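Coordinates in review
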Amino acid sequence: MAHYVAGSSDNVQQETILLEQFKQQIVTHLLITSTEDSRVHGVRDYQDNDTDEEDCDATVESARRFAQTDDNLRRWLVARNWDLDSAVAMYNTAADFRLRHRPERLLTPQAEQRLPEVLRRHLSGGFVGFDRSGRPVRVELFGALDLPGLLRASRWRHLRRAKLRECELALRLCRRQTRRLGRPVIGMTVIFDMAGATARFLWPPGVTAYLRLVRMLEDNYPELVSQLLVVNSPTVFPLLYRLCQPLLSTAMRNKIHVLSSDPRQATMELLDRVAPDQLPAYLGGELRDENGDPRCSSKICQGGRVAAGYYGNESVDGASGSGDSDID
């Protein structure tokens, strides 16, 4: 088992060696697991060919999209602290997931419309712009998320499909930014707005389901979140964080930054990371919808309580671990 030695003067050389070993092992894995698809050729043949006009991104095979550039592949080693065997195992498991489920197909307009209406209308959050490093910025309106209502109104596989689609959107934005800026853009900034969060967010099935989503995304999209900025944290936040902390990876915990409870100071902290024209006005930036909406509702689903009329779709199947067979 090869390990990266933190603090060593030979770090760069070790990283290069480990990355090459990593690429060799995952190339073999992709070739073995994708023999039914003669178009899959592994890491060295990969080119990301999607363009701004190809919004669906569905023309490039899932496995080839998954096997990207050195900068992207490095995510797997970073996520496993440069432990080669663990990183290869993590990648191989995630590669199997992609080969089975082809989540890039979720970017098609048809796939979006197949999501239940309740998720399209109430699953809060959205992408708004880019941070000062060029990374996509996503605003998560956690305080406006009626997770108990969504779990009562939609199946687990639908909720999972929606969250996977968000990750695929983030990857596509990173690819486009990489081309536009001429340098690697890996990961996104998440602004985690907890305004409105109350003790109802401590509902155990909801906490379990949400953490299960987080773990699934960490396993299949390592290092996709570069930083998570918590704003408007309520009095219930310390308790909620204590409940969640044991189930979050160390890497994810280190990316969470709770910004000041003082609105002016929090705005300054956000603007240190995100330019005003890329930050919604309600958070202290200048970005508004064409109609002047400071919350950018055309980009950010505002969530809200789910009407009882949506209930009854065999929802909480996912909180206990069932319903994993399909995302299509």
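See above for the structure.
An account of the accompanying structure is given in this report. (Residues numbered from 1 in each chain as written. Predicted model: local features only at pLDDT ≥ 70, side-chain atom pairs only at ≥ 80, totals over all residues. Heavy atoms only, no water.)

So, the packing of aromatic side chains
Under the defined criterion, the tally for this structure stands at 5 aromatic pairs. Judged by centre distance (5.7 Å) and plane angle (80°), the rings of Phe 22 and Tyr 91 are edge-to-face. Taken together, the positions of Phe 22 in helix α1 (residues 11–33) and Tyr 91 in helix α4 (residues 84–101) put the pair 69 residues apart, joining distant regions of the chain. Judged by centre distance (5.1 Å) and plane angle (80°), the ring pair of Trp 76 and Tyr 91 falls under edge-to-face. A residue pair is termed long-range when its members are at least 10 positions apart, and Trp 76 in helix α3 (residues 70–79) and Tyr 91 in helix α4 qualify at 15 residues. For the pair shown, Trp 76 and Tyr 91 are each scored as buried. Chaining the aromatic ring pairs together yields one cluster made of Phe 22, Trp 76 and Tyr 91. The lysine or arginine in question, Arg 295, covers the ring of Tyr 282, its NZ or CZ lying 4.3 Å from the ring centre. (Phe/Tyr/Trp six-rings, centres within 6.5 Å; stacked < 30°, edge-to-face > 60°. Helix = DSSP H or I, 4+ residues; strand = E, 2+ residues; numbered from the N terminus. Buried < 20%, exposed > 50% of the residue type's maximum accessible area, 1.4 Å probe, protein only. Lys NZ or Arg CZ within 6 Å of the ring centre and 35° of its normal.)

Regarding the pairing of strand β4 (residues 225–231)
Counted residue by residue, β4 has 6 buried out of 7 residues, so it is predominantly covered. Bridge count for strand β3 (residues 188–193) against β4 is 6 bridges, and the pairing is parallel. Paired with Asp 193 across the bridge in β4 is Val 231. In the classification by handedness, the crossover that spans β3, the intervening helix α9 (residues 204–220) and the parallel β4 is right-handed. Of the pairings in the sheet, the one linking β4 to strand β5 (residues 256–258) comprises 3 bridges and is parallel in character. In the sheet register, Leu 229 faces β5, and the bridge partner there is His 257. (Pairing = 2+ DSSP bridges. Right-handed = clockwise from strand over helix to strand, strands pointing away.)

Side note on the pattern of salt bridges
Throughout the structure, instances matching the rule amount to 15 salt bridges. The partner of Arg 121 in a salt bridge is Glu 117, and the shortest N-O contact between them spans 3.7 Å. Here the residue Arg 121 and the residue Glu 117 both occupy positions in helix α6 (residues 117–122), the gap between them amounting to 4 residues, near one helical turn. Since its relative accessible area comes to 53%, Arg 121 is described here as exposed. A single salt-bridge network, built from bridges that share partners, covers Arg 138, Glu 140, Lys 163 and Glu 166. (Salt bridge = Lys/Arg side-chain N within 4 Å of Asp/Glu carboxyl O.)

So, α4
Over its 18 residues, α4 extends 26 Å from the first C-alpha to the last, a length consistent with the 26 Å expected when each residue adds 1.5 Å. Among all positions of α4, only Leu 84, Ala 87, Val 88, Met 90, Tyr 91, Asn 92, Ala 94, Ala 95, Phe 97, Arg 98, Leu 99 and His 101 are buried. Arg 102 sits one or two residues past α4 and shows a positive phi near 45°. (Expected span 1.5 Å × (residues − 1).)

A look at the environment of Val 225
As for its placement among the helices and strands, Val 225 is situated in strand β4. In the structure, Val 225 is positioned 89 residues away from Pro 136 in sequence and 9.8 Å away in space, judged by C-alpha atoms. For Val 225, the contacting residues outside a window of four places in its chain are Met 188, Val 190, Met 252 and Lys 255. (Contact = heavy atoms within 4.5 Å.)

Side note on the environment of Met 194
Positionally, Met 194 belongs in the loop between β3 and α9. Once the C-alpha coordinates of Met 194 and Val 230 are considered, the two residues, 36 residues apart in sequence, prove to be 7.2 Å apart. Setting aside residues up to four positions removed in sequence, Met 194 forms contacts with Phe 142, Gly 143, Val 230, Val 231, Asn 232, Ser 233, Pro 234, Phe 237 and Leu 240.

With respect to the sheet that holds strand β1 (residues 126–130)
In spatial order, the strands read β1-β2-β3-β4-β5; together these 5 strands make up an open sheet with mixed pairing. The two strands at the open ends of the sheet, each matched to only one other strand, are β1 and β5. For this sheet, the mean angle separating the axes of adjacent strands, direction not counted, is 25°. (Axes fitted to C-alpha atoms, helices over the stretch in contact; angles between N-to-C directions.)

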